[in-house]
Amino acid sequence: MVAGTNLLECLSGLPVDVEFISFADIAERGIPRGVNVIINDGDAETAWSGGRHWADPAVVAAVRRFVLGGGGFIGCRGPTAHLHQSRYFQLSDVMGVEKESGQGLQSASPTLTECGPHFITDDRLGDLDFGSTESFVFACDRSTSVIRMYNGHVMLAARDAGRGRSVFFAGLPYSLENSRLLYRAILWAARREAETKKWFCTNPSTDCAYYSRCGVFVAVNNIGSRQVTLLHRNSGRPLRIVLKPFESKWFTESGRPCGSR
(Lines give C-alpha, C1' and ligand atoms only; values in the text may rest on other atoms or scores of the structure.)
Protein backbone atom coordinates (compact mmCIF):
# COMPACT_ATOMS: atom_id res chain seq x y z
CA MET A 1 0.00 0.00 0.00
CA VAL A 2 1.10 3.56 -0.62
CA ALA A 3 -0.16 6.96 0.46
CA GLY A 4 -3.15 8.00 -1.60
CA THR A 5 -4.79 4.61 -1.90
CA ASN A 6 -6.24 2.22 0.64
CA LEU A 7 -8.40 -0.48 -0.89
CA LEU A 8 -8.16 -2.70 2.19
CA GLU A 9 -9.67 0.04 4.33
CA CYS A 10 -12.44 0.49 1.77
CA LEU A 11 -13.04 -3.27 1.93
CA SER A 12 -13.17 -3.34 5.73
CA GLY A 13 -16.73 -3.45 7.02
CA LEU A 14 -18.36 -4.38 3.72
CA PRO A 15 -20.85 -7.28 3.86
CA VAL A 16 -18.48 -9.71 2.13
CA ASP A 17 -16.34 -12.63 3.32
CA VAL A 18 -12.63 -12.05 2.69
CA GLU A 19 -9.98 -14.74 2.23
CA PHE A 20 -6.30 -14.06 1.56
CA ILE A 21 -4.68 -16.37 -1.01
CA SER A 22 -0.94 -16.66 -1.64
CA PHE A 23 0.56 -16.91 -5.12
CA ALA A 24 2.14 -20.22 -4.10
CA ASP A 25 -1.32 -21.59 -3.29
CA ILE A 26 -2.67 -20.41 -6.66
CA ALA A 27 0.24 -21.94 -8.57
CA GLU A 28 -0.14 -25.27 -6.78
CA ARG A 29 -3.90 -25.61 -6.31
CA GLY A 30 -5.57 -22.92 -8.41
CA ILE A 31 -8.41 -20.72 -7.15
CA PRO A 32 -10.32 -22.20 -4.17
CA ARG A 33 -13.93 -23.18 -4.66
CA GLY A 34 -16.45 -20.71 -3.37
CA VAL A 35 -14.45 -17.64 -4.41
CA ASN A 36 -16.55 -15.21 -6.45
CA VAL A 37 -14.19 -12.26 -6.96
CA ILE A 38 -10.39 -11.95 -6.83
CA ILE A 39 -8.86 -8.59 -5.85
CA ASN A 40 -5.25 -7.78 -6.79
CA ASP A 41 -4.16 -4.43 -5.33
CA GLY A 42 -0.80 -2.71 -5.01
CA ASP A 43 2.06 -1.07 -6.86
CA ALA A 44 4.11 -3.00 -9.41
CA GLU A 45 6.95 -5.18 -8.12
CA THR A 46 5.67 -5.14 -4.55
CA ALA A 47 4.48 -8.03 -2.39
CA TRP A 48 1.00 -6.52 -2.57
CA SER A 49 0.52 -6.91 -6.32
CA GLY A 50 2.81 -9.93 -6.76
CA GLY A 51 5.71 -8.82 -8.93
CA ARG A 52 7.65 -11.78 -10.39
CA HIS A 53 4.84 -14.20 -9.53
CA TRP A 54 2.96 -12.82 -12.54
CA ALA A 55 5.64 -14.35 -14.78
CA ASP A 56 4.61 -17.80 -13.52
CA PRO A 57 2.41 -19.43 -16.22
CA ALA A 58 0.59 -21.48 -13.58
CA VAL A 59 -0.55 -18.34 -11.73
CA VAL A 60 -1.58 -16.45 -14.85
CA ALA A 61 -3.41 -19.45 -16.30
CA ALA A 62 -5.28 -20.15 -13.05
CA VAL A 63 -6.55 -16.59 -12.66
CA ARG A 64 -7.39 -16.24 -16.35
CA ARG A 65 -9.26 -19.56 -16.27
CA PHE A 66 -11.17 -18.42 -13.18
CA VAL A 67 -12.33 -15.17 -14.77
CA LEU A 68 -13.12 -16.52 -18.22
CA GLY A 69 -15.09 -19.30 -16.55
CA GLY A 70 -17.38 -16.86 -14.75
CA GLY A 71 -15.40 -15.34 -11.87
CA GLY A 72 -14.80 -11.68 -11.14
CA PHE A 73 -11.48 -9.81 -11.03
CA ILE A 74 -10.79 -6.38 -9.52
CA GLY A 75 -7.39 -4.78 -10.02
CA CYS A 76 -6.10 -1.60 -8.38
CA ARG A 77 -2.97 0.48 -9.09
CA GLY A 78 -0.59 -2.16 -10.51
CA PRO A 79 -2.68 -5.33 -10.86
CA THR A 80 -0.82 -8.28 -12.44
CA ALA A 81 2.01 -5.80 -13.16
CA HIS A 82 5.36 -7.29 -14.14
CA LEU A 83 7.18 -6.47 -17.36
CA HIS A 84 7.37 -9.83 -19.10
CA GLN A 85 7.12 -10.88 -22.75
CA SER A 86 6.37 -7.27 -23.80
CA ARG A 87 3.41 -7.00 -21.44
CA TYR A 88 3.18 -4.87 -18.32
CA PHE A 89 -0.21 -6.04 -17.03
CA GLN A 90 0.02 -9.80 -17.49
CA LEU A 91 -3.77 -10.00 -17.54
CA SER A 92 -4.30 -6.99 -19.78
CA ASP A 93 -6.42 -9.23 -22.03
CA VAL A 94 -8.75 -9.90 -19.11
CA MET A 95 -8.90 -6.33 -17.78
CA GLY A 96 -8.95 -4.67 -21.20
CA VAL A 97 -6.38 -2.08 -20.07
CA GLU A 98 -2.60 -1.82 -20.26
CA LYS A 99 -0.01 0.57 -18.81
CA GLU A 100 2.38 2.52 -21.02
CA SER A 101 5.87 1.46 -19.98
CA GLY A 102 7.74 2.35 -23.16
CA GLN A 103 6.98 -0.94 -24.88
CA GLY A 104 4.15 0.31 -27.04
CA LEU A 105 5.34 3.70 -28.22
CA GLN A 106 5.26 2.65 -31.87
CA SER A 107 1.63 1.52 -31.78
CA ALA A 108 -1.54 3.50 -31.21
CA SER A 109 -4.03 2.46 -28.56
CA PRO A 110 -7.77 2.50 -29.32
CA THR A 111 -9.32 5.95 -28.97
CA LEU A 112 -12.18 5.57 -26.52
CA THR A 113 -14.48 7.92 -24.66
CA GLU A 114 -16.19 7.50 -21.31
CA CYS A 115 -19.04 5.03 -21.50
CA GLY A 116 -21.53 7.13 -19.52
CA PRO A 117 -23.74 5.77 -16.69
CA HIS A 118 -22.63 2.45 -15.22
CA PHE A 119 -23.88 0.28 -12.35
CA ILE A 120 -20.61 0.76 -10.43
CA THR A 121 -21.05 4.54 -10.22
CA ASP A 122 -24.85 4.75 -10.15
CA ASP A 123 -25.21 6.16 -6.61
CA ARG A 124 -22.18 8.47 -6.58
CA LEU A 125 -23.22 11.93 -5.40
CA GLY A 126 -20.02 13.84 -6.27
CA ASP A 127 -16.71 13.61 -8.10
CA LEU A 128 -14.75 10.36 -8.08
CA ASP A 129 -11.49 10.39 -6.10
CA PHE A 130 -8.70 8.05 -7.23
CA GLY A 131 -5.93 9.74 -5.28
CA SER A 132 -4.32 10.94 -8.52
CA THR A 133 -5.26 12.16 -11.98
CA GLU A 134 -2.55 10.19 -13.80
CA SER A 135 -2.31 6.44 -14.29
CA PHE A 136 -0.58 6.09 -17.70
CA VAL A 137 -3.08 3.29 -18.28
CA PHE A 138 -4.94 3.06 -21.58
CA ALA A 139 -7.73 0.86 -22.90
CA CYS A 140 -6.27 -1.86 -25.12
CA ASP A 141 -9.58 -3.39 -26.19
CA ARG A 142 -12.58 -1.67 -27.75
CA SER A 143 -14.93 -3.75 -25.60
CA THR A 144 -13.58 -2.07 -22.44
CA SER A 145 -16.05 0.30 -20.76
CA VAL A 146 -14.03 3.34 -19.68
CA ILE A 147 -16.07 4.68 -16.79
CA ARG A 148 -13.73 7.53 -15.87
CA MET A 149 -10.75 9.01 -17.71
CA TYR A 150 -8.63 12.12 -17.01
CA ASN A 151 -6.65 13.62 -19.91
CA GLY A 152 -6.38 10.21 -21.57
CA HIS A 153 -5.44 8.38 -18.36
CA VAL A 154 -7.89 5.56 -17.57
CA MET A 155 -8.91 5.80 -13.90
CA LEU A 156 -11.82 3.33 -13.76
CA ALA A 157 -12.77 0.71 -16.33
CA ALA A 158 -14.90 -2.42 -16.51
CA ARG A 159 -15.13 -5.25 -18.99
CA ASP A 160 -16.89 -8.53 -19.65
CA ALA A 161 -14.24 -11.24 -20.05
CA GLY A 162 -15.54 -14.59 -21.25
CA ARG A 163 -18.26 -15.52 -18.77
CA GLY A 164 -16.65 -13.36 -16.09
CA ARG A 165 -16.08 -9.67 -15.47
CA SER A 166 -13.16 -7.43 -14.55
CA VAL A 167 -12.80 -3.95 -13.02
CA PHE A 168 -9.73 -1.68 -12.96
CA PHE A 169 -9.13 1.15 -10.45
CA ALA A 170 -6.17 3.52 -10.83
CA GLY A 171 -6.31 4.03 -7.05
CA LEU A 172 -8.84 4.00 -4.23
CA PRO A 173 -8.26 6.28 -1.21
CA TYR A 174 -10.47 5.51 1.75
CA SER A 175 -13.77 7.35 2.04
CA LEU A 176 -17.35 6.26 2.61
CA GLU A 177 -18.03 6.99 -1.05
CA ASN A 178 -15.09 4.89 -2.25
CA SER A 179 -16.07 2.05 0.07
CA ARG A 180 -19.49 2.06 -1.60
CA LEU A 181 -17.80 2.30 -5.02
CA LEU A 182 -15.76 -0.83 -4.24
CA TYR A 183 -18.85 -2.68 -2.99
CA ARG A 184 -20.73 -1.92 -6.19
CA ALA A 185 -17.69 -3.05 -8.21
CA ILE A 186 -17.65 -6.34 -6.28
CA LEU A 187 -21.36 -6.88 -6.90
CA TRP A 188 -20.99 -6.07 -10.60
CA ALA A 189 -17.96 -8.34 -11.02
CA ALA A 190 -19.84 -11.16 -9.28
CA ARG A 191 -23.02 -10.52 -11.32
CA ARG A 192 -24.95 -9.84 -8.13
CA GLU A 193 -26.35 -6.41 -8.92
CA ALA A 194 -29.70 -7.43 -7.41
CA GLU A 195 -28.10 -7.29 -3.95
CA THR A 196 -28.57 -3.50 -4.03
CA LYS A 197 -32.28 -4.16 -3.57
CA LYS A 198 -31.82 -6.20 -0.37
CA TRP A 199 -31.11 -4.36 2.89
CA PHE A 200 -29.26 -1.59 1.12
CA CYS A 201 -29.16 2.19 1.67
CA THR A 202 -28.99 4.36 -1.45
CA ASN A 203 -27.05 7.10 0.36
CA PRO A 204 -23.36 6.04 0.73
CA SER A 205 -23.12 8.06 3.98
CA THR A 206 -25.69 5.78 5.59
CA ASP A 207 -25.83 2.06 6.27
CA CYS A 208 -28.18 -0.56 7.63
CA ALA A 209 -28.11 -3.95 9.32
CA TYR A 210 -30.91 -6.52 9.44
CA TYR A 211 -31.35 -8.96 12.34
CA SER A 212 -33.48 -11.81 11.01
CA ARG A 213 -33.96 -13.62 14.34
CA CYS A 214 -35.45 -10.51 15.94
CA GLY A 215 -37.20 -9.23 12.83
CA VAL A 216 -35.70 -5.75 13.23
CA PHE A 217 -33.22 -3.57 11.37
CA VAL A 218 -31.20 -0.44 12.10
CA ALA A 219 -30.37 2.51 9.86
CA VAL A 220 -27.20 4.47 10.68
CA ASN A 221 -25.89 7.89 9.67
CA ASN A 222 -22.08 7.73 9.57
CA ILE A 223 -21.36 11.45 9.21
CA GLY A 224 -21.92 14.70 11.10
CA SER A 225 -24.72 16.16 9.00
CA ARG A 226 -28.39 15.37 8.41
CA GLN A 227 -28.87 12.65 5.80
CA VAL A 228 -31.82 11.28 3.84
CA THR A 229 -31.70 7.78 2.39
CA LEU A 230 -33.91 5.21 0.75
CA LEU A 231 -33.56 1.83 2.43
CA HIS A 232 -34.35 -1.21 0.32
CA ARG A 233 -35.68 -4.19 2.22
CA ASN A 234 -36.19 -7.71 0.86
CA SER A 235 -39.55 -6.75 -0.58
CA GLY A 236 -41.97 -3.88 -0.83
CA ARG A 237 -41.32 -0.24 -1.49
CA PRO A 238 -38.07 1.30 -0.21
CA LEU A 239 -38.35 3.15 3.07
CA ARG A 240 -37.43 6.84 3.16
CA ILE A 241 -35.47 7.59 6.34
CA VAL A 242 -34.21 10.92 7.67
CA LEU A 243 -31.28 10.70 10.09
CA LYS A 244 -29.72 13.35 12.27
CA PRO A 245 -25.89 13.57 12.49
CA PHE A 246 -24.52 10.17 13.62
CA GLU A 247 -28.05 9.01 14.46
CA SER A 248 -29.26 5.40 14.48
CA LYS A 249 -32.91 4.42 14.13
CA TRP A 250 -34.39 0.98 14.78
CA PHE A 251 -37.39 -0.42 12.89
CA THR A 252 -39.44 -3.58 12.79
CA GLU A 253 -39.19 -5.61 9.59
CA SER A 254 -42.43 -4.02 8.37
CA GLY A 255 -40.82 -0.57 8.57
CA ARG A 256 -42.49 0.62 11.75
CA PRO A 257 -40.20 2.47 14.20
CA CYS A 258 -39.40 0.29 17.20
CA GLY A 259 -41.36 1.35 20.24
CA SER A 260 -44.27 2.81 18.24
CA ARG A 261 -47.66 1.20 17.89
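Residues numbered from 1 in each chain as written. Predicted model: local features only at pLDDT ≥ 70, side-chain atom pairs only at ≥ 80, totals over all residues. Heavy atoms only, no water.

J.: Mind showing me how you'd approach the overall build of the chain here?
T.: A count of helical and extended segments in the chain gives five helices and 15 strands. In terms of overall dimensions, the chain is globule-like: its C-alpha atoms have a radius of gyration of 20 Å, near the 18 Å expected for 261 residues. When the backbone C-alpha atoms are referred to their principal axes, the chain occupies close to 70 × 40 × 30 Å. Burial analysis of the chain (261 residues in total) assigns 44% to the buried set. (Helix = DSSP H or I, 4+ residues; strand = E, 2+ residues; numbered from the N terminus. Rg over C-alpha atoms; globule rule 2.2 N^0.38 Å. Buried < 20%, exposed > 50% of the residue type's maximum accessible area, 1.4 Å probe, protein only.)

J.: Would you explain the packing of aromatic side chains in this entry?
T.: Within a pair of aromatic rings, the relevant descriptors are the distance that separates the centres and the angle that separates the planes. The tally for this structure, following the rule as stated, stands at nine aromatic pairs. Ring geometry for Phe89 against Phe168: centres 6.1 Å apart, planes inclined by 45°, an arrangement best described as tilted. Here the residue Phe89 occupies a position in strand E4 (residues 87–89), and Phe168 occupies one in strand E9 (residues 164–169), the gap between them amounting to 79 residues. Accessibility expressed as a relative area gives 0% for Phe89, which makes it buried. You can call Phe168 buried: its relative accessible area is 1%. Summarising the aromatic geometry, the rings of Trp199 and Tyr210 are spaced 4.1 Å apart at their centres and angled 5° between planes, so their arrangement reads as stacked. Taken together, the positions of Trp199 in the loop between helix H5 (176–189) and strand E10 (200–201) and Tyr210 in strand E11 (residues 206–211) put the pair 11 residues apart, joining distant regions of the chain. Taken together, the aromatic side chains of Trp199, Tyr210, Phe217 and Phe251 make up a single cluster linked through ring pairs. The ring of Phe119 carries the charged tip of Arg184 above its face, separated from the ring centre by 4.2 Å. (Phe/Tyr/Trp six-rings, centres within 6.5 Å; stacked < 30°, edge-to-face > 60°. Lys NZ or Arg CZ within 6 Å of the ring centre and 35° of its normal.)

J.: Quick question: what am I supposed to make of the nonpolar core here?
T.: Here is a general trend for soluble globular proteins: nonpolar side chains tend to be buried in one another's company. Counting residues in hydrophobic clusters, the biggest one holds 56 residues, and the most contacted among them are Val63, Ile74, Ile120, Val167, Phe169 and Leu182. With eight residues, H5 is the single largest residue contributor to this core. Beyond its immediate chain neighbours, meaning those up to four positions away, Val167 contacts Phe73, Ile74, Gly75, Ile120, Leu156, Ala157, Ala158, Ala185 and Trp188. Of all hydrophobic cores here, the second largest spans 10 residues; its members include Trp199, Phe217, Leu231 and Leu243. (Core = buried A, V, L, I, M, F, W, Y, C linked by side-chain atoms within 4.5 Å. Contact = heavy atoms within 4.5 Å.)

J.: Just checking my understanding: could you explain the sheet that holds E10 for this structure?
T.: For sheets, the rule is that strands pair by backbone hydrogen bonds, running either parallel or antiparallel. Ordered by their spatial adjacency, three strands build an open sheet running E10-E13-E14, and the pairing between neighbours is antiparallel. The sheet is open, and its two borders are formed by E10 and strand E14 (239–243), each paired with just one other strand. Pairing between E10 and strand E13 (residues 227–232): two bridges, direction antiparallel. From the neighbouring strand, Phe200 faces E13, where its bridge partner is His232. (Pairing = 2+ DSSP bridges.)

J.: I keep staring at a nonpolar patch on the surface and nothing clicks. Help me out?
T.: A cluster of nonpolar residues, Leu8, Val18, Phe20 and Trp48, forms a patch on the protein surface that exposes about 430 Å² of accessible area. Structurally, the position occupied by Val18 is in the loop between helix H1 (7–11) and helix H2 (23–29). (Patch = residues over 30% accessible without salt bridge, like charges linked within 9 Å, V, L, I, M, F, W, Y side chains within 5 Å. Areas by Shrake-Rupley, 256 points an atom, 1.4 Å probe, with all protein chains shown as cover. Salt bridge = Lys/Arg side-chain N within 4 Å of Asp/Glu carboxyl O.)

J.: Explain the pattern of salt bridges here, please?
T.: Oppositely charged side chains may form a pair once their charged atoms are brought near each other. Under the definition given, this model contains 13 salt bridges. We note a salt bridge from Arg180 to Asp123, for which the minimum N-O separation is 2.7 Å. Of the two residues, Arg180 sits in helix H5 while Asp123 sits in the loop between strand E5 (97–99) and strand E6 (137–139), which places them 57 residues apart along the sequence. On the accessibility criterion, Arg180 (9% relative accessible area) is buried. You can call Asp123 buried: its relative accessible area is 11%. A salt bridge links Arg191 to Asp160; its shortest N-O distance comes to 3.3 Å. In this pair, Arg191 is assigned in the loop between H5 and E10 and Asp160 in strand E8 (residues 153–161), connecting sequence segments 31 residues apart. Judged by its relative accessible area of 43%, Asp160 is partly exposed. If you follow the salt bridges from partner to partner, you end up with Asp122, Asp123, Arg180 and Arg184 in one network.

None of the figures reported here should be taken as evidence of function without further support.
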